[in-house]
Amino acid sequence: MIISWNTTNACNMHCGHCYRDAGVKAKDELNTEEAKNLLSEIAKAGFKIMIFSGGEPLTRPDITELTAFAKTKGMVPVFGTNGTLITPRMAKDLKEAGAAGMGISLDSMDKEKHDTFRCCTNGWEKAVKGMVNCREAGLAFQIHTTVMEWNKHEIIDITDFAVEIGAKGHHIFFLVPTGRGKKIEDESLEMHDYESLLENIMKKQKEVSIEIKPTCAPQFMRIASEMGMNLRFGRGCLAGTHYCIISPVGDVQPCAFLNMAAGNVRKTPFSEIWQNSEVFKLLRTMDYKGRCGSCKYKVKCGGCRARAAYYNNGDIMSEDSCCLY
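Residues numbered from 1 in each chain as written. Predicted model: local features only at pLDDT ≥ 70, side-chain atom pairs only at ≥ 80, totals over all residues. Heavy atoms only, no water.

1. Thoughts on the side chain of R307
Heads up, the rule is: Elements are defined by DSSP. Helices are runs of H or I of four residues or more, strands are runs of E of two residues or more, and each kind is numbered from the N terminus. By definition, residues are in contact when any of their heavy atoms lie within 4.5 Å.
When you line up the elements, R307 lands in helix 12 (residues 305-310). For R307, the residues in contact, after removing those within four places along its chain, are F174, L175, V176, Y194, C216, D320 and C322.

Encoded structure:
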């Protein structure tokens, strides 16, 4: 199982699609002691992959301490970061603390387009330098790309760049209009382009040795199955079944794009929220409506629950109407 904790709302960028509307540190974020209690509870609940994200997690002064603590709890600490703060020293410190990998955002091979989207001067150069610093420190990294209408033709090129620079993977995130992403909803892919790109991504996976993983596009599991591919992933959408996310102030949600609180870790231990939340229990029934409910791939795919809710008045069990199948 995999979990993500938004360690802070502070960020040195102002990305157009940010689901957390990050930038300024939130009031009353979990402190170091609370964070360690949370990590202990996460381990107790059986989670193995611990994603430190944000905002920008590397703005937290105690981030290497928390990384090392997660490691002592038997978890695999990894990061979701914009990469611009990964200095040679930071890469070395994270590696020594037990970090297993860094997911670094890169949304275009055009430096100006990337920097404009993320509102950061020299953001592309700094992100790539962060990748190089990881590589030289022996710290594994992968590239994270958010797909939109304006960069859909670049995705395979970014995969080639990932191979060239020594990344271990390329994880491709399909836009879900939440947070600031609501303002750019028209940049989401049209249904046929969505399907076509997933097909091209799976074809590319056959050609490269690094892992390519579409995220918030669970239909890739159906497409891979139809292509006869045997991927290591057991399911497309993991929200509430094998994954959840925790906000900087301790609110628990099924995923980053489902703004639906299952509880707060300051009021209820996380392990109890994970086991007993009514939201999670509902998602685990897989009692989907519409086409998702009758689809033969409903267990393998599951449809994007966040996208289903967004386009169906908040109903997390509705069909994912973005699916072409």
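From this point, the narrative continues.
2. As for the pattern of salt bridges
Opposite charge on two side chains lets them pair, provided their charged atoms get close. The test is simple: For salt bridges, the criterion is a side-chain nitrogen of Lys or Arg within 4 Å of an Asp or Glu carboxyl oxygen. Only protein chains enter the accessibility calculation, which uses a 1.4 Å probe. A residue is then buried if its area is under 20% of the maximum for its type, exposed if over 50%, and partly exposed in between.
Counted under the stated rule, the structure contains 18 salt bridges. A salt bridge links R118 to D107, with the shortest nitrogen-to-oxygen separation between them at 2.5 Å. With R118 in helix 4 (residues 111-118) and D107 in the loop between strand 4 (101-105) and helix 4, the pair connects residues that are 11 residues apart, well separated along the chain. For the pair R118 and D107, one class covers both residues: buried. Taken together, the salt bridges that share partners define one network made up of D28, E34 and R266.

3. Comments concerning the packing of helix 1 (residues 32-44) against helix 2 (residues 63-72)
Stated precisely, the cut-off is as follows: Lines fitted to C-alpha atoms define the axes, with helix axes restricted to the stretch in contact, and inter-axis angles between N-to-C directions lie between 0 and 180 degrees. Roughly parallel means an angle under 35 degrees; roughly antiparallel means over 145; roughly perpendicular covers 65 to 115; every other angle is labelled oblique. Put simply, a crossing is left-handed when the front helix is turned counterclockwise from the back one by less than a right angle, and right-handed when it is turned clockwise. Each residue is assigned to one class: nonpolar for Ala, Val, Leu, Ile, Met, Phe, Trp, Tyr, Cys and Pro, charged for Asp, Glu, Lys and Arg, and polar for all the others, Gly among them.
One can describe the packing of helix 1 onto helix 2 by two numbers: an axis separation of 10 Å at closest approach and a directional angle of 25 degrees. Taken together, the axes of helix 1 and helix 2 are roughly parallel relative to one another. For the crossing formed where helix 1 meets helix 2, the hand is right-handed. Each of T32, A35, K36, L39 and S40 in helix 1 lies in contact with helix 2, whose residues at this interface are E65, L66, F69 and A70. Split into classes, the residues belonging to the contact of helix 1 with helix 2 amount to five nonpolar, two polar and two charged.

4. Looking at the pairing of strand 4
Which entries qualify depends on this criterion: Paired strands, in this sense, are two strands between which DSSP finds at least two bridges. By convention, orient the strands away from the viewer: a clockwise path from the first strand over the helix to the second makes the crossover right-handed.
With five of its five residues buried, strand 4 lies for the most part within the structure. Relative to strand 4, strand 3 (residues 76-81) runs parallel, the two sharing four bridges. Its bridge partner lying in strand 4, V78 is registered against G101. Considered for its hand, the β-α-β crossover made up of strand 3, helix 3 (residues 88-97) and strand 4 is right-handed. The sheet contact formed by strand 4 and strand 5 (residues 141-147) spans four bridges and is parallel. Bridge pairing in strand 5 places G103 opposite Q142.

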